[in-house]
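# Structural features, examined
Each chain, letter by letter, is given below.
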Amino acid sequence: CRNDGWGHWWSTWVLGSPHHCSSTASLPPDSSFPSSALNVATITSRVGDKAVLPCRWKTVLENVPLQDFHIQWMIPGSLVFEQQGQQMWQAGDFEGRVEVPEQRLEDGDCSLIISDVQISDTGRYESFMVVNGPRSVKTRAFIQGVKLFVLDHKSFQSCGPGEDLVLDLHTPHSARLVFQSSNSSEWSDLWMRGDENGERLEKHPVKEQLTIRKVKSSDEGTYKVLDERGLAVSTVQLSVEEKSRSLKVHQVIEKETPTDDVAKSSCSVFLTLAVLITSFLTSRLL
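Let me begin by describing the structure that accompanies this report. Please read all numbers here as calculations on a predicted model, not as lab measurements.

The next thing to look at is the overall build of the chain. Looking only at helices and strands, the chain features four helices and 17 strands. Relative to its full complement of 286 residues, the chain shows a buried share of 35%. Relative to all contacts within the chain whose residues are 6 or more apart in sequence, the contacts with residues 24 or more apart total 62%. Put simply, the chain shows about 17,100 Å² of open surface, and 54% of that area lies on carbon and sulfur atoms.

This is the structure we're talking about:
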């Protein structure tokens, strides 16, 4: 086994035979990587969503039969995904989350689909075509570079006292909920995955959701959902508003502020009374 000089260990691995080395003749660094600086796409996704990293292999070698090559996806220093026929390999951090649909390869589509993307998936990805040659010698050609940016979720919510607050966890990798009161700078733990449901805080049995029952004014503040690595999955800013009181104030203002028609009607009544009183006083004087 050998290191190919780029820090990649892909050449030391054979599909289905991790303890052997393939006879691989990689393209020299100066012929494989210059295009990566020019051919880079940018993809932005949110935690828990699905990201599709684009790849078109026919832009490299259009006339190569499908059975004579397979696709690799890598990040600097590591292999992410490789599949040849029915045999597939996925990196541990991506286990069960990455695929290149084989039915699309014939049309030239070698896009990598990452399900349930995580903040830690952020980075640069590169796709390669590994072409079978004579005497089991393989040649690797660069196809596409993709920069993936994964963002956390941010939102503002408001609740009235006694209402329920539903917080989305977005992903099964969410491990912890912390809270900072609007009157404090300290963070406190509210929930960790595996906790039993409490009187006010409960995890949905199926959905990735937490519910805080009967919100109180002291619940106002910032809620953060964190993953296993302590990275933010979501941030929710909660305000607790006295909606019924606001409604009453609004109604009082409406009663105290007459409309134009009411004001005109009131003025007409006062004018009529003034005329009657003046006429009455004038007749008595005469």
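Bringing the environment of Ile119 into the picture now. Its place among the elements puts Ile119 in the loop between β7 (112-114) and β8 (123-132). Residue class for Ile119 comes out partly exposed when judged on its relative accessible area of 21%. Separated by 33 residues in sequence, Ile119 and Asp152 place their C-alpha atoms 7.3 Å apart.

Moving on to the nonpolar core. Membership of the largest hydrophobic core comes to 45 residues, with the highest contact counts inside it found for Trp73, Leu112, Ile114, Tyr125 and Tyr223. Each of domain 1 (41-151) and domain 2 (153-240) contributes no fewer than three residues to this core.

Once that is clear, we can look at the packing of aromatic side chains. Using the criterion set out here, one finds four aromatic pairs in the structure. Between Phe94 and Tyr125, the ring centres sit 6.3 Å apart and the planes meet at 80 degrees, which makes this aromatic pair edge-to-face. Placement of the pair is Phe94 in the loop between β5 (87-90) and β6 (98-99) and Tyr125 in strand β8, with a sequence separation of 31 residues. Given the relative accessible area of 5%, Phe94 is considered buried. Looking at Tyr125, the relative accessible area reads 1%, which means it is buried. Both rings, one in Phe128 and one in Phe142, keep their centres 5.8 Å apart while their planes meet at 75 degrees; by these two values the pair is edge-to-face. Separated by 14 residues along the polypeptide, Phe128 in strand β8 and Phe142 in strand β9 (residues 138-151) bring together distant segments of the chain. Pair check on accessibility: Phe128 and Phe142 agree, each one buried. Positioned above the aromatic ring of Phe128 is the side chain of Arg140, whose terminal nitrogen or guanidinium carbon lies 4.2 Å from the ring centre.

Judged by pairing direction, the sheet is antiparallel, and its three strands sit side by side in the order β11-β15-β14 without closing on themselves. Edge positions in the open sheet fall to β11 (165-168) and β14 (201-203), since each of these has one partner strand only. Looking at each pair of strands side by side, their axes are set apart by 20 degrees on average, direction ignored. Across three bridges, β14 lies against strand β15 (residues 209-212) in antiparallel orientation. Within β15, the residue paired with Lys203 across the bridge is Leu210.

With that settled, the discussion passes to the pattern of salt bridges. Applying the stated criterion across every chain, the model contains nine salt bridges. A salt bridge links Glu208 to Arg193; the nearest nitrogen and oxygen atoms lie 2.8 Å apart. Separated by 15 residues along the polypeptide, Glu208 in the loop between β14 and β15 and Arg193 in the loop between β13 (188-192) and β14 bring together distant segments of the chain. Look at Arg193 and you get partly exposed, because its relative accessible area is 35%. A salt bridge links Asp219 to Arg200, with the nearest nitrogen and oxygen atoms 2.6 Å apart. Of this pair, Asp219 sits in the loop between β15 and β16 (221-227) while Arg200 sits in the loop between β13 and β14, and the two are 19 residues apart along the sequence. Assessed through its relative accessible area of 10%, Asp219 is described here as buried.

The next thing to look at is the sheet that holds strand β2 (residues 51-53). Spatially, the three strands line up as an open sheet ordered β2-β7-β6, and their pairing is antiparallel. Lying at the two open borders of the sheet, with one neighbouring strand each, are β2 and β6.

Mapped onto the elements, Asp107 comes out in the loop between α2 (102-105) and β7. Residues Asp107 and Arg56 lie 51 residues apart in sequence; the distance between their C-alpha atoms is 8.8 Å. In contact with Asp107, not counting residues within four places along its chain, are Arg56 and Lys58.

Linking two cysteines covalently through their sulfur atoms gives a disulfide. Taken as a whole, this structure holds one disulfide when the rule is applied. Disulfide partner of Cys55: Cys110, at an S-S distance of 1.9 Å. Given an S-S torsion of about -70 degrees, the disulfide between Cys55 and Cys110 has left-handed geometry. Of this pair, Cys55 sits in the loop between β2 and β3 (69-75) while Cys110 sits in the loop between α2 and β7, and the two are 55 residues apart along the sequence.

Rules of the game
Residues numbered from 1 in each chain as written. Predicted model: local features only at pLDDT ≥ 70, side-chain atom pairs only at ≥ 80, totals over all residues. Heavy atoms only, no water. Helix = DSSP H or I, 4+ residues; strand = E, 2+ residues; numbered from the N terminus. Buried < 20%, exposed > 50% of the residue type's maximum accessible area, 1.4 Å probe, protein only. Contact = heavy atoms within 4.5 Å. Areas by Shrake-Rupley, 256 points an atom, 1.4 Å probe, with all protein chains shown as cover. Core = buried A, V, L, I, M, F, W, Y, C linked by side-chain atoms within 4.5 Å. Domains from an automatic or database assignment. Phe/Tyr/Trp six-rings, centres within 6.5 Å; stacked < 30°, edge-to-face > 60°. Lys NZ or Arg CZ within 6 Å of the ring centre and 35° of its normal. Pairing = 2+ DSSP bridges. Axes fitted to C-alpha atoms, helices over the stretch in contact; angles between N-to-C directions. Salt bridge = Lys/Arg side-chain N within 4 Å of Asp/Glu carboxyl O. Disulfide = S-S within 2.5 Å.

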